[in-house]
Amino acid sequence: MELCDTDQQLLEWAMREVFGQSRQYEERARNAIAKSEEQHQHAPGPTPTSNVSANANANPPPQPASMHPTYPYLIAHLMRSFRDKYHDPHLALSIFDYARHLSIPSYVFGCTLFPSILPGRVGSGSP
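The rules behind the values
Residues numbered from 1 in each chain as written. Predicted model: local features only at pLDDT ≥ 70, side-chain atom pairs only at ≥ 80, totals over all residues. Heavy atoms only, no water. Helix = DSSP H or I, 4+ residues; strand = E, 2+ residues; numbered from the N terminus. Polar contact = N/O pair within 3.5 Å; in protein donor to acceptor, adjacent residues only side chain to side chain. Patch = residues over 30% accessible without salt bridge, like charges linked within 9 Å, V, L, I, M, F, W, Y side chains within 5 Å. Areas by Shrake-Rupley, 256 points an atom, 1.4 Å probe, with all protein chains shown as cover. Salt bridge = Lys/Arg side-chain N within 4 Å of Asp/Glu carboxyl O. Contact = heavy atoms within 4.5 Å. Buried < 20%, exposed > 50% of the residue type's maximum accessible area, 1.4 Å probe, protein only. Phe/Tyr/Trp six-rings, centres within 6.5 Å; stacked < 30°, edge-to-face > 60°.

(A) Seen up close, the side chain of Arg83. Structurally, Arg83 can be placed in helix α3 (residues 71–85). A polar side-chain atom of Arg83 sits 2.7 Å from a polar atom in the side chain of Asp84.

Okay, structure coming up:
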């Protein structure tokens, strides 16, 4: 992020590295859920002689995260950079709006830090 000299470079980097990665995480999570549901539908029901299969169904494999843990922090940093470094509060709000409309996981996991950035700060002229 710090190697970007212009707001255009930073925006291109964000679209590729931050939002592109979030789409990949979401796709992997959806595929894992679909695969798990498919396996669950085809799994035989527990019988008295199949204690092993009953134990395997009781402990399903962990699902991959639908978003990287740093996703909200990267979005918050992007918003601060556009607002403070490039003096473009409209682009900072556009990052929020883009993350909000990208997907439900993006909104849920990515928009958690925004209240500390948005109220009274963007466009108000205060540092």
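(B) Representation of the environment of Glu17 in the model. Take Glu17: it is sitting in helix α1 (residues 7–42). Each C-alpha atom of the pair Glu17 and Met1 lies 9.8 Å from the other, and the pair is 16 residues apart in sequence. Within polar-contact distance, the side chain of Glu17 engages the side chain of Arg16 at 3.2 Å.

(C) A look at a nonpolar patch on the surface. On the surface, a nonpolar cluster with roughly 420 Å² of combined accessible area is contributed by Ile104, Tyr107, Val108 and Phe109. Positionally, Ile104 belongs in helix α5 (residues 104–110).

(D) Quick look at the side chain of Ser106. Structurally, Ser106 is set in helix α5. For Ser106, the contacting residues outside a window of four places in its chain are Met67, Tyr71, Ala99 and Cys111.

(E) Unusual backbone geometry, seen in detail. Unlike most non-glycine residues, His87 shows phi in positive territory, near 50°. Tracing the backbone through its elements, the reader meets His87 in the loop between α3 and α4 (89–102). By relative accessible area, His87 is classed as exposed at 64%.

(F) Expanded view of the packing of aromatic side chains. The full count for this structure, using the stated rule, is three aromatic pairs. With a centroid separation of 6.4 Å and 85° between ring planes, the pair formed by Phe19 and Tyr71 is classed as edge-to-face. On the criterion of sequence distance, the pair formed by Phe19 in helix α1 and Tyr71 in helix α3 is long-range, its members being 52 residues apart. With relative accessibility at 0%, the residue Phe19 sits in the buried group. Tyr71 gets classed as buried once you look at its relative accessible area, which sits at 3%. Pairing Phe82 with Tyr86 gives two aromatic rings, centres 6.2 Å apart and planes at 40°, and the pair type is tilted. Residues Phe82 and Tyr86 agree in their burial class; the two are buried.

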